[in-house]
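Geometric and topological summary
One-letter residues, chain by chain:
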Amino acid sequence: MLSLIALALLPLVSLGLEWAEYRRTIGLPLADTPALGFDGVRWVDDDGVRAAYVMPRSSAERAGVEVGDVLVTIDWGRIENAEDADRQIERATGNVLTYQLERGDTPLALDVRIDRFPTFLYPLSRGLWASAAWAFGVVAFLHLLAYLTVAPLAPRSARASRARWLIGAALIWVGVNLGRIIWVAALGPPPAGPSLRGAVFDVLTLVALGGWIVYPALLASQSLRFRTARVGLGRWVRLLAIPPAILGTGVLLATLMGRVGPLPPDAFAVPILFYVCVYLAASMGALLVSRSAALSGDRAQTAGPVWSRIGSGVVLVIAVVGALIVWSRLGPGPREADVRTASFVVAFQLLSVLPVALVSHATLRHGSFDVFLARGVGTLAIGVFLFGLVVLADAVLKGLIPSGPQPLALGALVVAIVLLAQRAAPSLRDWSQRAFQTERQRSRQQMDRFGDRIRTLLDVDTLAWEAVNTLGTALGVRSAVVFLQAARETDDERWVKATYRPEAPTFTQADLHLIWERIRNDGRVWSADEELNEANLPGDFRDRLLRLGAALAVPVTTGRGVPVGLLVLGRKARRLTVYDTEDVERMKALAAQLALAVERLRLLDRERALIRQTADAEMVALRAQINPHFLFNALNTVAALIRDRPSEAESTVENLSGLFRDVLNASGDTLTTLRSELRLARRYLHVEEARFGDGLSVAFDVDESVMDVHVPPFSIQTLVENAVKHGIERKRGGGRVTLAAHRAAHSHDALEVIVSDTGAGLPPVGATYGIGLSNVAERLKLLYDDRASLRVEPSETGTTATLLVPIS
């Protein structure tokens, strides 16, 4: 570890030793090395010192220097070759130099201000500058996609969290460096001396270099931590922060103070390059050595990241070759003068972030990287189309207008392009999405189609079978099993099972019962992959799922959090393919749809049962009213009243006919108002009062505010009928029936109806009232679950029946 640190700091140590040796032998302090000067021109020896490239918006271009100009003198001193010109320009940072030029046969004298050379940027040729801008743009775009893919995985995965930091550091380097390239291209090199523009550019430079310095340290700490931990040296990995800390501090102080000792900020370019090479080589070497320790197979649970062996080897070779070139070609100094050297530095800057692809491979495959990429490609296709259209239109205008496009023609061109883009962009976007459609997008379409078809399925068995086959084909899994609870309320313990290409050992219902309670209580997705796992299952449960070949387990829960099923998927069939975040989100959405479907089927079953119960209640009520015994008693009562009390006989007949009419009108209704139910009960009791005479008295105590509350039809009439038949009629001398309805004392959201009698009391143990009260209780269960109740219990003088239903 210490050798690695010393090697990474070798160029910086070499600079320090040379400085110390100079002071020891010469005895004089080494003069401050100023920041490199830059005029924006690359001077070459070509029949004189000729300008081979003039950077747009540079100080030389603003002064009037053009490509092909021959430099004769600088500040009236003769220039013999390009090296002399570069040496004078580099040392004149912040000064204005007078150039004597020859442009053809015309002599020129131009005053050129010397700006600072932009650190780690090389505008030395048109091709190098343009290729650097495009290369950094593409790499920054890919890093951004990678970061957006890894970021959602980081909160639940330590490996994804480490990858996020690593990709983030690399993204800062390439992204901010791209911003510096755009800055210099638009505004020119940073000026010498204090200025706001120079200060902002220095801040951007520090941020970019900070990302590049931190990135190799993070990479090395991730790679070496697992290797050193196996031999008990894991704590020494912290020492890897020493070189980046020294280099970062040096760059910061050199930027703020202008120098560190004799070293300006540019002097740290080569030490940073060498440090990056050494740390990359050490990281890849450690990964190749420890690669054999990684577990294989379906479980594939390793302590560290499992990267491609070939990719690690390629990066290792690049890093070693890069270190040798940096040391031998660039040496310990800060200057990268010629185009070939600058091209190498730019290329190595980009190649140094190549390990990000390896670092993120084990993590990115769990995210929606290809979705981001497909959208990006679609947007890029639209941009390329519009760019080509503008170039073509401009060429046409130049051909039609020899003197050059006029403002009116240019305005018309812009309007035409905007209108065309508005019409063509949607079609082009749709075409690009179809052309670059991924396997994941096709699987999403299959699952969406199944989601639309769920509402047409009418039984749980078909629902489970369709679900498992859709999951199997859409996600390309090796095996899958779906468990759903039966829709029937009376059969909650019955499981419906459907399988897709089951593999041994199969996931059986016995296995489900062993882990069901834990999974249903946790309620979150379990995954064999750390990046996707949300559930907190104990080790024995997790090991059991792994032994059964499970890769994903998704509970099917209702909106109220009630579990009604489980989806268990094995590994994907295609080699090296894994589940990702979009797969998990699709599984969650499908589980939610399945839960809704199961609830819907349960409601359908309950509705069917309720219809049957309501029909039974109607039949009971009809039989109770039209059975011969009731009619015989009612008609005998009417006949006896006609002679002595004709008006009462007439009233009894009206109530009897009204009773039959109300029963028929209420047929088929699931609910009715308390007002209608009380009218039915009053008519029934009126007929019975006429029959019993003084042997039956009736009392009502009803709160008017609850008259419009809904109750099951025939429920209160059934309670009243039982009070008369089983209470009053069986007691010699008769008795009294009292009906009270009001808001419940313990809850104002509940209606309480109490029917009490002073009759013979409850029947002996083992006797029943018939199916009337049982029917009322069943309908309450179907309509209100546990929110309604019916109690029949003895009172001090007879029997009391209490009906409790919710008001809302």
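The model shown is predicted, which means the values in this text are computed figures rather than measured ones.

Side note on unusual backbone geometry
Residue Trp76 is not a glycine yet carries a positive backbone phi of 65 degrees. Locating Trp76 in the fold gives a position in the loop between β4 (70–74) and β5 (77–78). Taking the relative accessible area as the measure of exposure, Trp76 reaches 61% and is therefore exposed. A positive phi is found at Phe120, a non-glycine position, where the angle reads about 60 degrees. Among the structural elements, Phe120 can be located in the loop between β8 (115–116) and α5 (126–150). Residue classification places Phe120 among the buried residues on the basis of a relative accessible area of 4%.

Points about the nonpolar core
Within the largest apolar cluster, 121 residues are counted, with the highest numbers of intra-cluster contacts made by Tyr215, Ile272, Tyr279, Leu567 and Leu569. Of all the elements, helix α9 (residues 269–290) adds the most residues to this core, at 16 residues. Dropping the residues within four chain positions of it, Ile272 is found in contact with Phe120, Leu209, Trp212, Ile213, Leu247 and Val251. Within the second largest apolar cluster, 35 residues are counted, among which are Met707, Val709, Leu739 and Val805.

Notes on the pairing of strand β17 (residues 735–743)
Bridge count for strand β15 (residues 696–702) against β17 is seven bridges, and the pairing is parallel. Across the sheet, Ser697 pairs through a bridge with Arg736, a residue of β17. Strand direction decides the pairing type here: β17 and strand β18 (residues 750–757), joined by seven bridges, are antiparallel. Bridge pairing in β18 places His742 opposite Glu752.

Thoughts on the packing of α5 against helix α11 (residues 339–351)
It is the contact of α5 with α11, at a shortest axis distance of 11 Å, that shows an interaxial angle of 5 degrees. Taken together, the axes of α5 and α11 lie roughly parallel to each other. Touching Leu128, Ala132, Ala135, Phe136 and Val139 of α5 are Val339, Ala342, Ser343, Val346, Gln349 and Leu350, all from α11.

Looking at helix α17 (residues 509–522)
Note that an α-helix has 3.6 residues per turn; residues three or four places apart therefore point the same way. Spanning 14 residues, α17 covers 19 Å between terminal C-alpha atoms, matching the ideal 20 Å at 1.5 Å per step. Maximum bend of α17: about 50 degrees, positioned at Ile515. Within α17 the residues assigned to the buried category are Asp511, Leu512, Ile515, Trp516 and Ile519. Of the surrounding secondary structure, the elements contacted by the buried residues of α17 are β9 (480–485), β10 (495–500), α18 (539–547), β12 (552–557) and β13 (563–569). A positive phi of about 75 degrees marks Gly523, the residue just after α17.

Remarks on the confidence of the model for the protein
Averaged over all residues, the pLDDT of the protein equals 78, while 77% of them reach at least 70. Element-level pLDDT for the protein is lowest in helix α13 (residues 369–400), with a mean of 61, against a maximum mean of 94 in β17. Here residues 293–306 scores under 50 on pLDDT; set against residues more than four positions off or in separate chains, the count is 24 contacts. Counting interchain partners and residues more than four positions distant, the pLDDT-below-50 stretch residues 331–336 has 20 contacts.

Section: the sheet that holds β17
Across the sheet, five strands lie side by side as β15-β17-β18-β20-β19; this open sheet has mixed pairing. The two strands at the open ends of the sheet, each matched to only one other strand, are β15 and β19 (789–794). Across the sheet, the axes of successive neighbouring strands diverge by a mean angle of 10 degrees, strand direction being ignored.

Quick word on the packing of aromatic side chains
Under the definition given, this model contains 11 aromatic pairs. Ring centres 5.4 Å apart and planes at 85 degrees place the aromatic pair Phe120 and Trp212 in the edge-to-face group. Placement of the pair is Phe120 in the loop between β8 and α5 and Trp212 in helix α7 (residues 196–229), with a sequence separation of 92 residues. Assigned by exposure class, Phe120 and Trp212 land together as buried. Plain terms: the ring middles of Phe136 and Trp173 are 6.3 Å apart, the flat faces sit at 75 degrees to each other, and that makes the pair edge-to-face. Linking Phe136 in helix α5 with Trp173 in helix α6 (residues 158–187), this pair joins segments that are 37 residues apart in sequence. The two residues Phe136 and Trp173 agree in class, both being buried. Grouped by ring-pair contacts, the aromatic residues Phe120, Phe136, Trp173 and Trp212 constitute a single cluster. Sitting over the ring of Phe700, Arg682 keeps its end group 4.0 Å from the ring centre.

Here we look at the sheet that holds β9
Strand order in this open sheet of five strands is β10-β9-β13-β12-β11, and the pairing throughout is antiparallel. A strand with exactly one partner marks an edge of an open sheet, and here the two such strands are β10 and β11 (526–527). Here β11 pairs with β12 via two bridges, running antiparallel. What sits directly across from Trp526, in β12, is Ala553.

Section: the side chain of Ser58
By the secondary structure assignment, Ser58 is in the loop between β3 (49–54) and α3 (59–63). If near-sequence neighbours (up to four positions away) are discounted, Ser58 is found in contact with Asp39, Gly40 and Pro189.

Focus: the pattern of salt bridges
A complete count under the given rule lists 18 salt bridges for this structure. The closest approach of N and O atoms between Asp115 and Arg113, which form a salt bridge, is 2.8 Å. On the accessibility criterion, Asp115 (0% relative accessible area) is buried. You can call Arg113 partly exposed: its relative accessible area is 34%. Asp708 is paired through a salt bridge with Arg675; the nearest N and O atoms lie 3.3 Å apart. Of this pair, Asp708 sits in the loop between β15 and β16 (710–711) while Arg675 is found in helix α22 (residues 674–692), placing the two residues 33 residues apart along the sequence. For Asp708, a relative accessible area of 53% gives the class exposed.

Topic: the side chain of Asp39
Mapping Asp39 onto the fold places it in the loop between β1 (37–38) and β2 (41–45). No salt bridge is formed by the buried Asp39, whose closest oppositely charged neighbour, Arg42, lies at an N-O distance of 10 Å.

Quick look at a nonpolar patch on the surface
A cluster of nonpolar residues, Leu252, Leu253, Leu256 and Met257, forms a patch on the protein surface that exposes about 410 Å² of accessible area. Along the polypeptide, Leu253 turns up in helix α8 (residues 242–257). Note on Leu253: relative accessible area 34%, which makes it partly exposed.

Rules of the game
- Residues numbered from 1 in each chain as written.
- Predicted model: local features only at pLDDT ≥ 70, side-chain atom pairs only at ≥ 80, totals over all residues.
- Heavy atoms only, no water.
- Helix = DSSP H or I, 4+ residues; strand = E, 2+ residues; numbered from the N terminus.
- Buried < 20%, exposed > 50% of the residue type's maximum accessible area, 1.4 Å probe, protein only.
- Core = buried A, V, L, I, M, F, W, Y, C linked by side-chain atoms within 4.5 Å.
- Contact = heavy atoms within 4.5 Å.
- Pairing = 2+ DSSP bridges.
- Axes fitted to C-alpha atoms, helices over the stretch in contact; angles between N-to-C directions.
- Parallel < 35°, antiparallel > 145°, perpendicular 65-115°, else oblique.
- Expected span 1.5 Å × (residues − 1).
- Bend = angle between axes of the 7 residues up to and from the residue.
- pLDDT = per-residue confidence, 0-100.
- Phe/Tyr/Trp six-rings, centres within 6.5 Å; stacked < 30°, edge-to-face > 60°.
- Lys NZ or Arg CZ within 6 Å of the ring centre and 35° of its normal.
- Salt bridge = Lys/Arg side-chain N within 4 Å of Asp/Glu carboxyl O.
- Lys, Arg positive; Asp, Glu negative; His and termini not counted.
- Patch = residues over 30% accessible without salt bridge, like charges linked within 9 Å, V, L, I, M, F, W, Y side chains within 5 Å.
- Areas by Shrake-Rupley, 256 points an atom, 1.4 Å probe, with all protein chains shown as cover.

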